[in-house]
Amino acid sequence: MDHQKFAQTWVNVWNSHHLEDILSHYADDIEIITPMIAMATGGRESSLKGKEAVREYWRKALDKFPDLHFDLIHSTAGVDSIALFYKSIMDKHAVEVMFFNEDGKISRMYAHYD
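Thresholds, definitions, all that
Residues numbered from 1 in each chain as written. Predicted model: local features only at pLDDT ≥ 70, side-chain atom pairs only at ≥ 80, totals over all residues. Heavy atoms only, no water. Helix = DSSP H or I, 4+ residues; strand = E, 2+ residues; numbered from the N terminus. Rg over C-alpha atoms; globule rule 2.2 N^0.38 Å. Buried < 20%, exposed > 50% of the residue type's maximum accessible area, 1.4 Å probe, protein only. Contact = heavy atoms within 4.5 Å. Expected span 1.5 Å × (residues − 1). Phe/Tyr/Trp six-rings, centres within 6.5 Å; stacked < 30°, edge-to-face > 60°. Lys NZ or Arg CZ within 6 Å of the ring centre and 35° of its normal. Core = buried A, V, L, I, M, F, W, Y, C linked by side-chain atoms within 4.5 Å. Salt bridge = Lys/Arg side-chain N within 4 Å of Asp/Glu carboxyl O. Pairing = 2+ DSSP bridges. Axes fitted to C-alpha atoms, helices over the stretch in contact; angles between N-to-C directions.

1. Observations concerning the overall build of the protein chain
In terms of regular secondary structure, the protein chain is built from four helices and six strands. Ordered by position from the N terminus, the helices and strands of the protein chain form the series α-α-β-α-β-α-β-β-β-β. On C-alpha atoms alone, the protein chain measures out to a radius of gyration of 13 Å, which is about the 13 Å that the 2.2 N^0.38 rule sets for 114 residues. Based on the C-alpha atoms only, the size of the protein chain along its principal axes is roughly 35 × 30 × 25 Å. For the protein chain, with 114 residues in total, the buried portion stands at 40%. Within the protein chain, residue pairs in contact and separated by at least 24 positions form 43% of the contacts whose partners lie at least 6 positions apart.

Set out below in structure tokens:
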């Protein structure tokens, strides 16, 4: 997989705000771990599992941040994984590490913010 091409496509899809296009990159059993979940749930959770749970969370996030825009800074490749460094919402910098399954879909994602 060309990590640079994937990274730019991923950012472009997020910037489109088309939720189903965003979700098309993810496996049905996706697990996301991010401190943003704790912010949204009042500290009760930091991870979500399954595309339906993630869909609902991201739908709320897109509604809350209608001007959401990501700017890709850099991407790197690992073993069945990619790390993206980008400028996120609220002027935060983010690093997301995405792990891919055998179908080329993201099955786990860890997000880090400054």
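2. Observations concerning helix H4 (residues 51-64)
Its 14 residues place the ends of H4 20 Å apart at the C-alpha level, agreeing with the 20 Å of an ideal helix rising 1.5 Å per residue. Of all the positions in H4, only Lys 51, Val 54, Arg 55, Tyr 57, Trp 58 and Leu 62 are classed as buried.

3. Here's the deal with the packing of aromatic side chains
Here the structure, examined in full by the defined rule, presents nine aromatic pairs. Positioned above the aromatic ring of Phe 99, the side-chain terminus of Arg 108 is 4.3 Å from the ring centre.

4. Re the nonpolar core
Counting 32 residues, the largest nonpolar core has Trp 10, Trp 14, Ile 32 and Trp 58 as its most contacted members. Every element with two or more residues in this core is listed here: helix H1 (3-16), helix H2 (19-23), strand S1 (26-33), helix H3 (35-41), H4, strand S4 (81-87), strand S5 (93-100) and strand S6 (106-113). Ranked by residue count, the leading element in this core is H1, at six residues. Excluding anything up to four places from it in sequence, Trp 58 contacts Trp 14, Leu 19, Ile 22, Leu 23, Tyr 26, Ile 32 and Met 109.

5. Brief notes about the pattern of salt bridges
Applying the stated rule across the entire model yields five salt bridges. In this structure, the salt-bridge partner of Arg 55 is Glu 20, at a minimum N-O distance of 2.9 Å. Of the two residues, Arg 55 sits in helix H4 while Glu 20 sits in helix H2, which places them 35 residues apart along the sequence. By relative accessible area, Arg 55 is classed as buried at 14%. Here Glu 20 falls in the partly exposed class, since its relative accessible area comes to 47%.

6. Section: the pairing of strand S3 (residues 71-78)
As paired elements, S3 and S4 share seven bridges and run antiparallel to each other. Directly across from Asp 71, in S4, lies its bridge partner Lys 87. Here S3 hands over to S4 after two residues, with Asp 80 in that stretch at a positive phi of 50°.

7. Regarding the sheet that holds S4
Ordered in space as S2-S1-S6-S5-S4-S3, the six strands form an open sheet in which the pairing is mixed. On the outer flanks of this sheet lie strand S2 (47-49) and S3, each paired with one strand and no other. This sheet shows a mean twist of 20° between the axes of neighbouring strands, independent of strand direction. Strand contacts of H1: S1, S3, S4, S5 and S6, with the helix running at about 140° to S3, the strand carrying the most contacts. Each of S1, S2 and S6 is contacted by H4, which is oriented at about 60° to S1, the strand it contacts most.

In short, the description is geometric, and any link to function would need to be established separately.
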